[in-house]
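For reference, the chains in residue letters:
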Amino acid sequence: MSHLSIVDELSNFIYREFHSFRASEISRRCFSFEQFSEIFLKISNHDALRIIPVGESTEGRPLRLVKIGSGNTKVFSWSQMHGDESTATLALLDIMRFFAGNTRFETLRVELLEKLTIYILPMVNPDGAERFSRENINGIDLNRDALNLAEIESKILQKTFEVIKPDFVFNLHDQDPRYSIGIANRQAAISFLAPPFNETREINANRSRAMKLIAGMKLTLEHFIPEHIGKYSDEYEATAFGDRFQELGAATILIESGGWRGDPEKQFVRQLNVIAILSAFVIIARNAVESFSADDYNSIPFIEKKLFDLLLRKVGVNLGDGIKDVDIGINCYEKHLPILELSANIEAIGDLSGYSGLEELDCTGCHADRMLEKGDAANIVIMKNGGVFAIIENGRLKM
Ligand SMILES: [Zn+2]
């Protein structure tokens, strides 16, 4: 069977059947360690899955590795080393349930369990996850701690990697949903990267394997999100774990969950993760990695940050030297303190014709009710012909 038919057959199958193994208890981005733990333990309580305790976070939350299968090729996936990047944690729970599932996928499951040993370490930063913050409880970005290994969670990740000695690793993150691909209004749903292992971004056999596997995953996802697949910045970051593990000899794949219009909780993006990762497992298990092309990887366009949450087109604004017609780009931010707090700022004012908005409003013939500058809170009343045309309240459009 050709590599194309492998991904064709499989991706459609997983897409269709996703609902039957999805860990449906959680369907939001923000969830507590307790909520995660309860489902994690419930799913892990199955003969196919073995829990290996690997340590505790700074605040004493357990980090648990799951081992599935007994094959010769070892794959290691971890998620949420940035506490507010939870999409792939849910995808990993779904994948665990796929392996702990009913007889529906028996043939595929048996094949994967025989060929692969799959290690999963979901929620590497549970203290950060509890606060929905990027950093750990000490305010450290764990993905800049791969060389210092100053934090407990970083030490655990490094140690786990050293003990497993994986052939392939999947480093799972969320990226800003305001990244786009090619044209400004085409949102990046998923980004991939085979991280470099040195400044010159050399390609060795190892990195080449990662690139080819990504090419296979890209073909898989193209069925569902054509043209919404991007490549993450390939600047070398010595202190990041992906770059480090690539250097240490595991073919390393970064997956960034982006955004999708109408999917604020990223549940479709979660499903895309499951399709991509399970397809990758099958490609690896069938020794098909080398049948994909690094050129295909290289042709994936880099993502660019050209989207705003809200873009007001052609608003008359007094910028201090008279009224001019300008575009206004607005972004909304969430903080969990632990209560959700939303803030919205004017990010850019000027000619934003090269940019796009997840939501846009044409304000031709309108003007703002006050002077505005970059950095202002996004509370604006837009006037037209002496009446109110639109109200922007904390970045949200109220007509
Ligand atoms: Zn991240």
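Rules of the game
Residues numbered from 1 in each chain as written. Predicted model: local features only at pLDDT ≥ 70, side-chain atom pairs only at ≥ 80, totals over all residues. Helix = DSSP H or I, 4+ residues; strand = E, 2+ residues; numbered from the N terminus. Rg over C-alpha atoms; globule rule 2.2 N^0.38 Å. Buried ≥ 20, exposed ≤ 12 C-beta atoms within 10 Å, placed from the backbone. Contact = placed C-beta atoms within 7 Å. Domains from an automatic or database assignment. Nonpolar A, V, L, I, M, F, W, Y, C, P; charged D, E, K, R; others polar. Expected span 1.5 Å × (residues − 1). Pairing = 2+ DSSP bridges. Core = buried A, V, L, I, M, F, W, Y, C linked by C-beta atoms within 7 Å. Axes fitted to C-alpha atoms, helices over the stretch in contact; angles between N-to-C directions. Parallel < 35°, antiparallel > 145°, perpendicular 65-115°, else oblique. Left-handed = near helix turned anticlockwise from the far one by under 90°.

### Brief notes about the overall build of the protein
Scanning the protein from N- to C-terminus turns up ten helices and 18 strands. For 399 residues, the compact-globule estimate of 2.2 N^0.38 gives 21 Å, and the protein sits close to it at 23 Å. Put simply, the protein has 399 residues, and 47% of those count as buried. Taking the contacts inside the protein whose residues are at least 6 apart along the sequence as the reference set, 75% of them involve residues at least 24 apart.

### Side note on the domain arrangement of the protein
One widely used convention gives an interface's size as the accessible area the parts lose upon coming together. Entries for the protein in the domain assignment read domain 1 (3-304) and domain 2 (307-398). Each side of the interface is counted separately: domain 1 has nine residues, and domain 2 has nine residues. Among the elements that make up the side of domain 1 that touches domain 2, the one with the highest residue count is strand β7 (residues 183-187) (three residues). Partitioned by chemical class, the residues of the side of domain 1 that touches domain 2 number three nonpolar, three polar and three charged.

### Observations regarding helix α9 (residues 267-285)
Over its 19 residues, α9 runs 27 Å from end to end, which matches the ideal 27 Å to within 8%, given 1.5 Å per residue. Within α9, 17 of the 19 residues are buried, which leaves it mostly tucked inside the rest of the structure. Of the residues one or two after α9, Asn287 is the one with positive phi, at around 50 degrees.

### Focus on the environment of Lys374
With respect to the helices and strands, the residue Lys374 is situated in the loop between β15 (356-368) and β16 (380-384). Spatially, the C-alpha atom of Lys374 lies 36 Å from that of Thr89, the residues being 285 residues apart in sequence.

### Considering the pairing of strand β2 (residues 62-68)
Pairing between strand β1 (residues 49-56) and β2: seven bridges, direction antiparallel. Bridging across to β2, Leu49 finds its partner in Ile68. Relative to strand β4 (residues 116-121), β2 runs antiparallel, the two sharing three bridges. Paired with Val66 across the bridge in β4 is Ile120.

### Quick word on unusual backbone geometry
Excluding glycine, a negative phi dihedral is what most residues carry, and trans is how most peptide bonds are arranged. Positive phi, close to 55 degrees, is recorded for Gln80, a residue that is not glycine. Counting through the fold element by element, Gln80 comes out in the loop between β3 (73-79) and α3 (87-99). For Glu227, which is not a glycine, the phi torsion comes out positive at approximately 70 degrees. In this structure, Glu227 sits in the loop between α7 (205-221) and β9 (229-231). Owing to 13 C-beta atoms within 10 Å, Glu227 belongs among the partly exposed residues under this scheme.

### Considering helix α6 (residues 152-164)
If you check α6, its first and last C-alpha atoms are 18 Å apart, about what 13 residues at 1.5 Å a residue would give, namely 18 Å. Among the residues of α6, Ile152, Glu153, Ser154, Ile156, Leu157, Thr160 and Phe161 are the ones counted as buried. Turning to α6, the residues buried within the fold contact β1, β2, β3, β4 and α8 (241-247). Just past α6, the residue Lys165 takes up positive phi, approximately 50 degrees.

### So, the nonpolar core
Of all hydrophobic cores here, the largest spans 88 residues; its most connected members are Leu213, Ile214, Ile253 and Phe281. Examining the composition of this core, we find that 13 residues originate from one element, α9, more than from any other. The contact partners of Phe281, leaving out residues within four places of it in the chain, are Val75, Leu112, Leu116 and Ile118. Counting 22 residues, the second largest nonpolar core, distinct from the first, contains Ala344, Ile346, Cys363 and Ile380.

### Notes on the sheet that holds strand β17 (residues 387-393)
Taken in spatial order, the seven strands make up an open sheet running β14-β13-β12-β15-β16-β17-β18, and their pairing is mixed. Since the sheet does not close on itself, it has two edges, and those belong to β14 (340-350) and β18 (396-398), each with one partner. In this sheet, adjacent strand axes meet at a mean angle of 30 degrees when their direction is disregarded. In terms of strand pairing, strand β12 (residues 307-318) meets strand β13 (residues 323-336) through seven bridges, oriented antiparallel. Directly across from Leu311, in β13, lies its bridge partner Gly329.

### Thoughts on the environment of Lys314
By the secondary structure assignment, Lys314 is in strand β12. Using a count of 14 C-beta atoms within 10 Å as the deciding quantity, one classes Lys314 as partly exposed. Sequence separation between Lys314 and Ile328 is 14 residues; the distance between their C-alpha atoms is 8.0 Å. Not counting the four nearest positions on each side in its chain, Lys314 is found in contact with Asp325, Asp327, Asp362, Cys363 and Thr364.

### Observations concerning the packing of α7 against α9
Two measures define how a pair of helices packs: the angle their axes make with one another and the distance between the axes. Their axes nearest at 9 Å, the elements α7 and α9 cross at an angle of 130 degrees. The orientation of α7 relative to α9 falls into the category oblique. Crossing handedness for the pair α7 and α9: right-handed. In contact with Leu213, Gly216, Met217, Thr220 and Leu221 of α7, α9 contributes Leu272, Ile275, Ala276, Ser279, Ala280 and Ile283. Classifying every residue of the contact of α7 with α9 gives eight nonpolar, three polar and no charged.

### Regarding the sheet that holds β3
In a beta sheet, neighbouring strands pair by backbone hydrogen bonds and run either parallel or antiparallel. With mixed pairing, the eight strands of this open sheet are ordered in space as β1-β2-β4-β3-β5-β10-β8-β9. If you trace the sheet from one side to the other, it starts and ends with β1 and β9, each paired once. Here the average twist between neighbouring strands, direction ignored, is 20 degrees. Pairing of β3 with β4 involves six bridges; the strand directions are parallel.

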